[in-house]
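# Residue-level structure breakdown
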Amino acid sequence: MQLEEEILNELRGQYTTSFYSIYLNGFYDADISKMSKRDQGTLLHEYIHYLQNISTLWGIYQSMTIYSLMYQSLHEVIANDPVTIPVSPNFEAQTISSYKKMKTLLGTRSLERGKYIDWTKDIKVDFFQVVVDGTTVEKVSCEVFLMNGGKEIIDLGATIVKETMAALYQSLVDPNSSHPDIPYNIILKYCQKYYPKLAADTRKLICLCYASLFTLCPGAQLMRLIRDYGNRDDIDGHTAFYQFVNTYDAGKKKDGTSRTLMEYVDEMIDKFKKMLSGILISNLDFLNVIFEPVRLSEKWVPVVSALYDKNTFSLDHLKIMFQQIGLPYLHTSKQQYSFPNGYGKTDASTDLVELIALQAIYTYFRGDSECRLSYMCKGDKYSEDHCKNHPWSQEIECPFSVVCKAYGIDKKTINRRK
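Presented here is a report on the structure given in the accompanying data block.

About the criteria used
Residues numbered from 1 in each chain as written. Predicted model: local features only at pLDDT ≥ 70, side-chain atom pairs only at ≥ 80, totals over all residues. Heavy atoms only, no water. Helix = DSSP H or I, 4+ residues; strand = E, 2+ residues; numbered from the N terminus. Contact = heavy atoms within 4.5 Å. Core = buried A, V, L, I, M, F, W, Y, C linked by side-chain atoms within 4.5 Å. Buried < 20%, exposed > 50% of the residue type's maximum accessible area, 1.4 Å probe, protein only. Phe/Tyr/Trp six-rings, centres within 6.5 Å; stacked < 30°, edge-to-face > 60°. Pairing = 2+ DSSP bridges. Axes fitted to C-alpha atoms, helices over the stretch in contact; angles between N-to-C directions.

Position of Ser-374 relative to the elements: it lies in the loop between α15 (350-365) and α16 (384-389). Between the C-alpha atom of Ser-374 and that of Glu-384, which follows or precedes it by 10 residues, the distance is 8.7 Å. Filtering out sequence-adjacent residues up to four positions away, Ser-374 remains in contact with Tyr-382 and Cys-387.

In this structure, Tyr-20, Tyr-67, Phe-241 and Phe-365 are the most contacted members of the largest nonpolar core, which totals 145 residues. Beyond its immediate sequence surroundings of up to four residues, Phe-241 is in contact with Cys-207, Tyr-210, Ala-211, Phe-214, Leu-296, Val-301 and Val-304.

Evaluation of the coordinates by the stated rule reveals 22 aromatic pairs. Pairing Tyr-337 with Tyr-375 gives two aromatic rings, centres 6.2 Å apart and planes at 80°, and the pair type is edge-to-face. Of the two residues, Tyr-337 sits in strand β8 (residues 337-338) while Tyr-375 sits in the loop between α15 and α16, which places them 38 residues apart along the sequence. For Tyr-375, a relative accessible area of 12% puts it in the buried group. Relative to Trp-392, the ring of Phe-365 lies with its centre 6.2 Å away and its plane at 40°, an arrangement referred to as tilted. Note that Phe-365 is positioned in helix α15 and Trp-392 in the loop between α16 and α17 (399-406), a separation of 27 residues in sequence.

A word on the sheet that holds strand β7 (residues 329-332). Ordered by their spatial adjacency, four strands build an open sheet running β1-β2-β7-β8, and the pairing between neighbours is mixed. A strand with exactly one partner marks an edge of an open sheet, and here the two such strands are β1 (13-16) and β8. For strand β2 (residues 21-24) and β7, the ladder comprises four bridges, and the chain directions are parallel. Considered in β7, the bridge of Ser-21 is made with Tyr-329.

Further remarks concern the sheet that holds strand β4 (residues 124-132). Pairing within the open sheet is antiparallel, and its three strands lie in the order β4-β5-β6. Looking at which strands have only one partner, the edges of the open sheet turn out to be β4 and β6 (151-155). Pairs of neighbouring strands in the sheet enclose a mean axial angle of 30°, with direction left out of account. The sheet contact formed by strand β5 (residues 135-145) and β6 spans five bridges and is antiparallel. Bridging from a neighbouring strand, Glu-143 pairs with Ile-153 of β6.

Following this line, the structure appears as structure tokens:
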């Protein structure tokens, strides 16, 4: 199994969904104007993923599903002694159902190596419905021709929507950034072929991508929004986004009255924060405040507002987002890593430290060959045997071992299945 560090070193950047963690294969400076344009663009790309995660219905739904898997796996570790790695919990039926639905709606992530799309050929779009554990969801696919003469069905799901939006935003500060067609460019190239005015309007296409993430079927919703707004010159992205927000049918409240999308988002954020409080030993701090500025009900939507400010989007807008929303945990290939401070404090926010440690514990006990936080121990502290075979021990004090001690995991007999 390839080590986490080796995988990350092949990437320009990565955002770890649900764990508020940005990896940058480059150099970070608190004064982002001192960073290279390439690093600035990558940081913006990953920060957009962070905002997608904390502000949209899809992002919150995905996190709640992942946390359910994590919580039930950790419960298996905490409740048993001895513990055998990898643990195999009997997940609750609702968790399994949510996971199946999430995987179905994430869609295609990449093309196999050596396959390339022939963009001179027509693209066939197909909307259809599938039933996942009794729930009907809408999907959309594209049939494309390959350069070798074959065909490929691309499932346009949440992954492609999120990466399209992040790559487009990145292009605003680094127009020379490049990405593979899947998952980053297929929507843009589809629009260049069939909706050229929309393809030329980066801001508007970003807003349509973002709007679609406020539903649980982002791929199908985005393609419908492209059809509705792609050829309209009279409506910009800002207007299109708010038209969608204000008219979307978010179902009924318990009293039978109609629920607005703003109300639905507020309900999901409150439910999610309650879930976080039930998982963590630490009191919510950083994780309590980051959701507040991005609620639709706050009437300030940073992703959209920054694009349609009187001043052209620049790093100054990104700095404002950092100040008002916060920058999550960040680590780089230059051995830089930092947790955000607690609200009004000068020390790292313990709730985020615990959450990231829980992610490492979860993935390790589910089968990782090494603690994925081992890069923190490089140098004098690093011990390959420790980080691979017993990272829960107190031999090295790190987030993994500290949280394991808090949960009593360090006292258990732990074996690895052969």
